[in-house]
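Coordinate inspection notes
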Amino acid sequence: MTIYPKRLIEVDLPIARTSAHARREKSIRHGHISTLHIWWARRPLAACRAVICAALWPDPGDELCPQQFKIAAMLCLNAFAKRVFPDRVNEEGKQIRDAASPEGLARWEALASGTLSLDPDQPADGSILRMCLLDFIADFANWDNSTVPAYLETARRLTGVAHASLSDPSYALPPGLRSTFNSQLSTFPDWLSTLDSQLSTLPRPLVVDPFCGGGSIPLEALRVGADAFASDLNPVPVLLNKVVLEYIPKYGQRLAEEVRKWGAWIKAEAEKELAEFYPKDPDGATPIAYLWARTIRCEGPACGAEVPLIRSLWLAKKANRSVALRLIPNPREKRVDFDILVKQRDGWVSQADLKSQISNLKSPILNLSFDGTVKRGSATCPCCGYTTPVASVRTQLKARRGGSHDARMLAAVLLRSGEQGRSYRLPGTADENAVRDAASELDRRRQLARRNHDGDGLSLVPEEPISPNELRRISVPIYGMECWGDLFLPRQLLALSTLAKLVTRSGEGIDSDFDGAIRTLLALALNKQADLGCALTRWKQDAECPVNLFGRQAIGMVWDFAEAAVLSESSGSWESMFERTAYSLECAVTEFHATGHVEQASATTHPLPNDSASAIVTDPPYYDAVPYAYLSDFFYVWMRRSLADVHPGLLRDECVPKDAEIVVDRSHQLSKSTKGIAFYECELQKAFAESRRVLRPDGIGTIVFASKTTSSWEAILKAVVDAGWVITGSWPIDTEMETRVSAQGQARLASSVHLVCRPREDASGAVTESVGEWRDVLGELPRRIHEWMPRLAAEGVVGADAIFACLGPALEIFSRYRRVEKANGETATLREYLEFVWAAV
């Protein structure tokens, strides 16, 4: 294997500071690019930015590091330091200092003042320059610095010079450099401008992500001055990446303005068609949400009462305000009635009594329980006390396709002019009439659509079937929800189909490409509307708002749910959807050198030619962690109804491709369709082999992985090694919120391990066939582990995260060989070696 200059990521990485920025970023809910559209297990931008910079830039402490990079890096960082600590105080310097780490500030102040000087001719200064670059990366990872010109310009210069000097040994920096170096920064602006002009004529490094998902990796590649090529088999992430990599860099702020303009137009048009189905109260109060519950019939002897399935009776649960429902059994009418209670200082009082303004209120109601009627799927009847078992509940709901279309309204949530906060009331005749009329109108439109299409074209609402092959994560089919339309109330379907129709008419009169960009963004907003506007949306009592379906990576049954009023201005409304989309676009707009490129493609048959990429950075599927294709069908069916003519090639099929998706499918329902561990390992190996083919022999790869099961680690590591890669490092970066759902009682890593890899190739690109001795490999292992553990401990990496972070240095020994032989001539397997690794750690 040919020896190339080491990259920064193969030597060091500021994992503690990067992890802190990544954790913080996960809590940003407004303006972040992730709010454009949900994608599961999306990587934080902070981690991606740090990793890509460290992968593209050589280590100046390495003796093979190009001298031209050292010179340029010293000048660029000196110039950056002068922007942090200018001779005269300015706003830019204050902004950078406020968001910088103490380590970085100390370094930049020393450089700017001249107390720290760097000489490219002094080998010892290479390690100092390395620390400067790492400090820069650590602070650049901060969300607040992602659009700061000083960071962007410096990072892009470093990326450009790194690529030019690594690719071409004859590369020369612009003339006049030595005089600049000796001038104590006085001519920096002129020289940097000359450098920018030179770099603008040179090729940029190409970063490739064959499992692009939510687009964090290719977006950050563009941000730091590289070209980006993103691909995915799933059409949903392909469209997300087209927005991030093509539309935003190309159209910038104009795109946000048009999305806001056409979003408002859609709202105005939708009000003409839908206002009668969302009536205001006689006193002018505006309903912003309606609370519903599915129902069953009590199977108790001689009962037969309608039982609403409710998890909890709380409506609002805050420190200064509490509102709840009270069940009132009505066995004679075989039903349950309700009252709304408000908590007072002395106890709970009926809201009707409070509103009557009678001075002599009834006595407060004490010792109430606010547990609902359903627990673990079994329902207890308030009229007779009989508990209908979960199997019977499922049977009843299955006969009614999940019970969404005949659910019972429990309460309406209102905003009143001049009042703070939400108020609640029981449903009235006007509400019932509006729901009934909406269902009738939906039926009329569906029949009309069938007549017009005469069997051709898409149905008005999603009638595509829900695959029963992923019942572990999508359990609603066992309750009779057989098609995607079953997940919505009739009024929700009427609203969504109306919005979808209007999306297809938006952007009229604009050039076709920009029109397609606008419609794509509005279709993403429509998807968010569906996510927060289906019959699986919970009501969050402490925030008093609906909670979107995909708070976790699954679609499970929800007994009682919230319906947002689409035409209101509150959470869950169409206005909130397109406004948040436009705001995310505004925050994402920065000056990019170029657009990225996105294609739908399988990672096992990559469309790029041999040796075309400078870096492969990717986050492949994790074993059986997330059924991406099955979950994204929820969005795909609505995309087809709003974008089929804009992206006909992507949206031609009835559902998202699943057979070729590289995941482990543990379903026992359809054994012939099950994809086991052998399939996962084989296909992942093909994908990594394709990535190695696409990568230049001197290129570098970074593979993100997180799991606590040794079997999944063995699967991915075997695929990497067998595909012809040498693992040269591993870095754990925190990528998960501490309060994430998957952390509650489950064995998951707090961090994702970034495996650093090199092609096991010679200079011609041929895979080397060297054979290692088992005894020598095992003899080197303990020493490498002992060298690595203190480094991790110093960064605060402990427990399971530290164990898996040791895989890089441990596997570098094993993976440098095509095969490792024992003394008897047998081939040592990766599984055998990993047993020694676990023991050594």
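Everything in this summary refers to the structure shown in the same document. Position labels on residues start from 1 in each chain and follow its written sequence. A pLDDT threshold of at least 70 governs which residues receive local features in this predicted model, and a stricter bar of 80 or more applies before side-chain atom pairs are shown or counted, although totals over entire chains, interfaces and linings include all residues. Only heavy atoms go into the side-chain values, all of them from the structure, while hydrogens and water stay out.

**Focus: the sheet that holds strand β14 (residues 423-425)**
The line we're drawing: Strands were regarded as paired on the criterion that DSSP finds at least two bridges between them. Numbering goes from the N terminus for both helices and strands, where a helix is a DSSP run of H or I of at least four residues and a strand is a run of E of at least two. In this analysis an axis means a line fitted to C-alpha atoms, helices contributing only their contacting stretch, and an angle means the value between N-to-C directions, from 0 to 180 degrees. Contacts were defined at the residue level, with two residues in contact if any of their heavy atoms lie within 4.5 Å.
As summarised here, the arrangement of the four strands in space is β14-β13-β3-β17, forming an open sheet in which the pairing is antiparallel. Each edge of the open sheet is held by one strand with a lone partner, namely β14 and β17 (560-564). Ignoring which end each strand starts from, the neighbouring axes of this sheet average 25° apart. Judged from the five bridges that link them, strand β3 (residues 286-293) and β17 form a sheet pairing that is antiparallel. Across the sheet, L291 pairs through a bridge with A562, a residue of β17. Contacts from helix α16 (residues 490-505) reach β3, β13 (408-415) and β17 within the one sheet, and its direction differs from that of β17 by about 35°.

**Thoughts on the nonpolar core**
One broad rule of soluble globular proteins: the nonpolar side chains tend to lie buried together. The following threshold applies: What we call a nonpolar core is a set of buried Ala, Val, Leu, Ile, Met, Phe, Trp, Tyr and Cys residues that are connected through their side-chain atoms within 4.5 Å. For every residue, the accessible area (1.4 Å probe, protein chains only) is compared with the maximum for its type, and the residue is labelled buried under 20%, exposed over 50%, or partly exposed between those bounds.
W57 and I555 are the most contacted members of the largest nonpolar core, which has 267 residues in total. If we ignore the near neighbours within four places in the chain, the residues touching I555 are R473, I474, S475, V476, W484, L487, L536, L549, F550, L631 and F634.

**With respect to helix α6 (residues 125-140)**
Keep this limit in mind: Residue count minus one, scaled by 1.5 Å, sets the expected span of a helix.
Its 16 residues give α6 an end-to-end C-alpha distance of 22 Å, which sits within 8% of 22 Å, the value for a rise of 1.5 Å per residue. The element α6 is largely enclosed, with a buried count of 13 among its 16 residues.

**Considering the packing of helix α11 (residues 235-251) against helix α12 (residues 253-274)**
Definition in use: An angle below 35 degrees is treated as roughly parallel, one above 145 as roughly antiparallel, one from 65 to 115 as roughly perpendicular, and anything else as oblique. Each residue gets one of three labels, nonpolar for Ala, Val, Leu, Ile, Met, Phe, Trp, Tyr, Cys and Pro, charged for Asp, Glu, Lys and Arg, and polar for the others, Gly among them.
Packing of α11 against α12 leaves a shortest axis separation of 5 Å and a crossing angle of 100°. Taken together, the axes of α11 and α12 are roughly perpendicular relative to one another. Where α11 approaches α12, its residues Y247, I248 and Y251 are matched on the opposing element by Q253, R254 and L255. Of the residues contributing to the contact of α11 with α12, the split by class is four nonpolar, one polar and one charged.

**Side note on the pattern of salt bridges**
This is how it is decided: Salt bridges are defined as contacts in which a side-chain nitrogen from Lys or Arg sits within 4 Å of a carboxyl oxygen from Asp or Glu.
Per the counting criterion, the structure on display carries 61 salt bridges. Between E153 and R83 there is a salt bridge; the shortest N-O distance is 2.7 Å. Within this pair, whereas E153 is found in helix α7 (residues 149-167), its partner R83 is found in helix α3 (residues 67-84), the two being separated by 70 residues in sequence. A salt bridge links E563 to R491; the nearest nitrogen and oxygen atoms lie 2.8 Å apart. Of the two residues, E563 sits in strand β17 while R491 sits in helix α16, which places them 72 residues apart along the sequence. Judged by its relative accessible area of 0%, E563 is buried. On the basis of relative accessibility, which here comes to 3%, the residue R491 falls in the buried class.

**Remarks on the packing of helix α15 (residues 429-453) against α16**
Each pair of packed helices can be summarised by the angle the axes make with each other and by the distance between the axes. How we decide: Here a crossing is taken to be left-handed if its near helix is turned anticlockwise relative to the far helix by less than a right angle, and right-handed if that turn runs clockwise.
Their axes nearest at 8 Å, the elements α15 and α16 cross at an angle of 50°. Between α15 and α16, the interaxial angle falls into the category oblique. The chirality of how α15 crosses α16 is left-handed. Contacts between α15 and α16 involve A434, V435, A438, A439, E441, L442 and R445 on the former and, on the latter, P490, R491, L493, L494 and T498. In the contact of α15 with α16, the residues fall into eight nonpolar, one polar and three charged.

**With respect to the side chain of E10**
Defined as follows: As used in this structure description, the phrase polar contact means that two N or O atoms lie within 3.5 Å; if the pair is within protein, one of them must be able to donate a hydrogen and the other to accept it, and residues adjacent in sequence are counted only when both atoms belong to side chains.
Counting through the fold element by element, E10 comes out in the segment before α1 (15-25). E10 sits in the buried class, given a relative accessible area of 15%. Within the structure, E10 has its side chain in polar contact with the backbone nitrogen of R7 (distance 2.9 Å). At 2.8 Å, the side chain of E10 and the side chain of R758 are in polar contact.

**Overview of the sheet that holds strand β9 (residues 347-350)**
The strands making up a sheet associate through hydrogen bonds between their backbones, and the pairing can be parallel or antiparallel. On the basis of which strands lie adjacent, the open sheet formed by four strands has the order β6-β7-β8-β9 and antiparallel pairing. Edge positions in the sheet fall to β6 (314-317) and β9, since each of these pairs with one other strand and no more. Averaged over all adjacent pairs, the angle separating strand axes in this sheet is 35°, with direction ignored. Bridge count for β6 against strand β7 (residues 322-330) is three bridges, and the pairing is antiparallel. Bridge pairing in β7 links W314 to A324.

**What about unusual backbone geometry?**
Of note in the backbone geometry, A41 takes a positive phi value of approximately 55° without being a glycine. Along the chain, A41 falls in the loop between α1 and α2 (45-56). The backbone of K334 sits at a positive phi, close to 55°, despite the residue not being glycine. Checked against the element boundaries, K334 lands in the loop between β7 and β8 (335-344). You can call K334 partly exposed: its relative accessible area is 37%.

**Description of the state of the cysteines**
What counts here: By convention in this document, the label disulfide applies to cysteine sulfur atom pairs within 2.5 Å.
Tallied over the entire structure, the rule returns zero disulfides. Unpaired in this structure, C76 has its nearest cysteine sulfur neighbour in C132, at a distance of 13 Å. Looking at the unpaired C757, the closest cysteine sulfur is the one in C48, lying at 16 Å.

**Observations concerning the pairing of strand β22 (residues 751-759)**
Every regular strand shows the same layout, with side chains that alternate between the two sheet faces. Taking burial as the measure, the nine residues of β22 include nine buried ones, the bulk of the element. Side chains S751, V753, L755, C757 and P759 of β22 all project onto a buried face; the interleaved residues S752, H754, V756 and R758 project onto the opposite face, where all are buried too. For strand β21 (residues 725-734) and β22, the ladder comprises nine bridges, and the chain directions are antiparallel. Directly across from G729, in β22, lies its bridge partner V756.

Structural measurements only, silent on function.
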